[in-house]
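Descriptive structure summary
Residues per chain are reported as follows:
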Amino acid sequence: MRKPPLLDALFLDRDGTLIAERGFLSDPKGVRLAPGAPTLLARFAAEGTKLFVVTNQSGVARGVTRWDEVNAVNAEVEKRLLRRGVPIAGWLVCPHHPEGRVKKYAVACRCRKPGTLLHRRALRRHGLSAGRSAVVGDKWDDVGAGLALGALAVHLLSGHGRGQRAAVREKGGDRVILAGGLADGLRKLRAAAEGRKR
C-alpha cells in the first residue's frame with residue numbers, strides 16, 4: 001500500500017516565487033522558473049502532494065493586464081513545469097483590488113491573499129487537510145494566508161521578499177520558515193514536514 005504523502009497540498013505563489021518577479025507580467029516570453037525548484041517540486045508531486053498556484057493578479061482590476069494575458073502566462077508556466085514532471089492541480093487566481101479601475105473587479109474580496117477563500121475551496125474540492133499543507137511565497141500576504149489556514153508557512157527572499165522580511169518576522173515570529181529562494185524554501189519545508197511526522 002502506498003504511504004501517504006508528506007504534505008496533502010502545497011500552495012505556491014506565482015510572481016517572485018515560482019517564477020521571477022516581472023511586475024504585471026503579460027507576455028509568456030517573460031516567464032523564468034525559479035532555479036533548482038522543478039526537481040524538488042517533482043519529488044513532492046511524485047509522493048502524492050497536490051500542487052496549487054495561488055496568485056493575486058490585481059493588474060486585471062487596475063486595467064494593466066487582461067484575463068487572456070494572465071491565462072497565457074499561467075499556461076506557459078504550467079507547460080514548462082509539466083516538461084519537468086511537475087503537474088499543477090489547480091490555478092487559484094484573484095483579479096480583485098479595492099482601488100482598481102475596472103469596476104467589475106474593483107472590490108474588496110475574501111479571495112485576495114492573505115484571504116484564504118481560494119485555498120479553502122481547493123482543499124475542500126480535493127478532500128485535503130489544511131493542517132497537512134504548506135504555503136510558500138515572497139510576501140506577508142502568502143505567509144499570513146498559510147498561518148490563517150494552520151498550514152506550514154515559508155517566506156522567501158526572492159521577488160519582494162527582502163523588503164517584506166522584517167514584517168514577516170514581526171507578524172509571524174518563529175511560526176514561519178525563513179528561506180532564500182524557492183529551492184532553499186522547499187528543502188527547508190521538507191525538513192520541517194519530516195520533523196513534524198516523527
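Provided above is the structure to which this section pertains.
Here goes a summary of the coordinates provided. (Residues numbered from 1 in each chain as written. Predicted model: local features only at pLDDT ≥ 70, side-chain atom pairs only at ≥ 80, totals over all residues. Heavy atoms only, no water.)

Quick word on a positive patch on the surface
Rule in force here: Like charges are joined within 9 Å and nonpolar side chains (Val, Leu, Ile, Met, Phe, Trp, Tyr) within 5 Å, but only among residues with over 30% relative accessible area and no salt bridge; these make up the patches. In these tables, accessible area is a Shrake-Rupley quantity obtained with a 1.4 Å probe, and a residue counts as shielded only by the protein chains included in the view. Salt-bridge detection follows one rule: a side-chain nitrogen of Lys or Arg within 4 Å of a carboxyl oxygen of Asp or Glu. Asp and Glu are treated as the negative residues and Lys and Arg as the positive ones, with His and the ends of the chain left uncounted. All charge positions are set by atom: Lys at NZ, Arg at CZ, Asp at CG, Glu at CD. Per the convention used, a helix needs a DSSP run of H or I reaching at least four residues, while a strand needs a run of E reaching at least two, with both numbered from the N terminus. We call a residue buried when its accessible area falls under 20% of the maximum for its residue type, exposed when it is over 50%, and partly exposed in between, using a 1.4 Å probe and counting protein chains only.
A surface patch of like charges, here positive, comprises Arg 110, Arg 120, Arg 121, Arg 124 and Arg 125. With respect to the helices, strands and loops of the structure, Arg 124 is situated in helix α4 (residues 117–126). Under the relative-accessibility criterion, Arg 124 is labelled exposed at 61%.

Quick look at the nonpolar core
Using the following cut-off: For this analysis, a nonpolar core means a set of buried residues of the types Ala, Val, Leu, Ile, Met, Phe, Trp, Tyr and Cys, connected via side-chain atoms within 4.5 Å. The contact criterion used throughout is that any non-hydrogen atoms of two residues lie within 4.5 Å.
Counting residues in each nonpolar core, the largest one holds 33 residues, and the members touching the most others are Leu 10, Leu 41, Leu 182 and Leu 189. When residues of this core are traced back to their parent elements, those giving at least two are β1 (9–12), α1 (37–46), β2 (50–56), α3 (67–83), β4 (133–137), β5 (152–155) and α7 (182–197). Broken down by element, the residue count for this core peaks at five residues, all from α1. Residues in contact with Leu 182, not counting those within four places in the same chain, are Leu 12, Thr 17, Leu 18, Ala 34, Ala 37, Val 136 and Leu 156. Core analysis: the next-biggest nonpolar cluster, separate from the first, contains 16 residues, Ala 9, Phe 11, Val 54 and Val 135 among them.

Topic: α3
For the record, the criterion: The length a helix should cover is 1.5 Å for every residue beyond the first.
With 17 residues, α3 extends 24 Å from end C-alpha to end C-alpha; this agrees with the ideal 24 Å at 1.5 Å per step. For α3, the secondary structure elements touched by its buried residues are α1, α2 (59–62) and β3 (90–94). Just downstream of α3 lies Gly 85, where phi reads positive at about 80°.

Overview of the packing of α4 against helix α5 (residues 140–149)
Worth spelling out the cut-off: Every axis in this analysis is a line fitted to C-alpha atoms, fitted for helices over the stretch in contact. Angles between the N-to-C directions lie between 0 and 180 degrees. Geometric relationships in this document are graded by angle, where less than 35 degrees denotes roughly parallel, more than 145 denotes roughly antiparallel, 65 to 115 denotes roughly perpendicular, and other angles denote oblique. By definition, any crossing whose near helix is turned counterclockwise from its far helix by less than a right angle is left-handed, and any crossing with a clockwise turn is right-handed. Each residue gets one of three labels, nonpolar for Ala, Val, Leu, Ile, Met, Phe, Trp, Tyr, Cys and Pro, charged for Asp, Glu, Lys and Arg, and polar for the others, Gly among them.
Where α4 contacts α5, the axes come no closer than 10 Å and their chain directions differ by 50°. It follows from the interaxial angle that α4 and α5 lie oblique. Read as a crossing pair, α4 and α5 show a hand that is right-handed. In contact with His 119, Arg 120 and Leu 123 of α4, α5 contributes Ala 145, Ala 148 and Leu 149. Across the contact of α4 with α5, the residue classes break down as four nonpolar, one polar and one charged.

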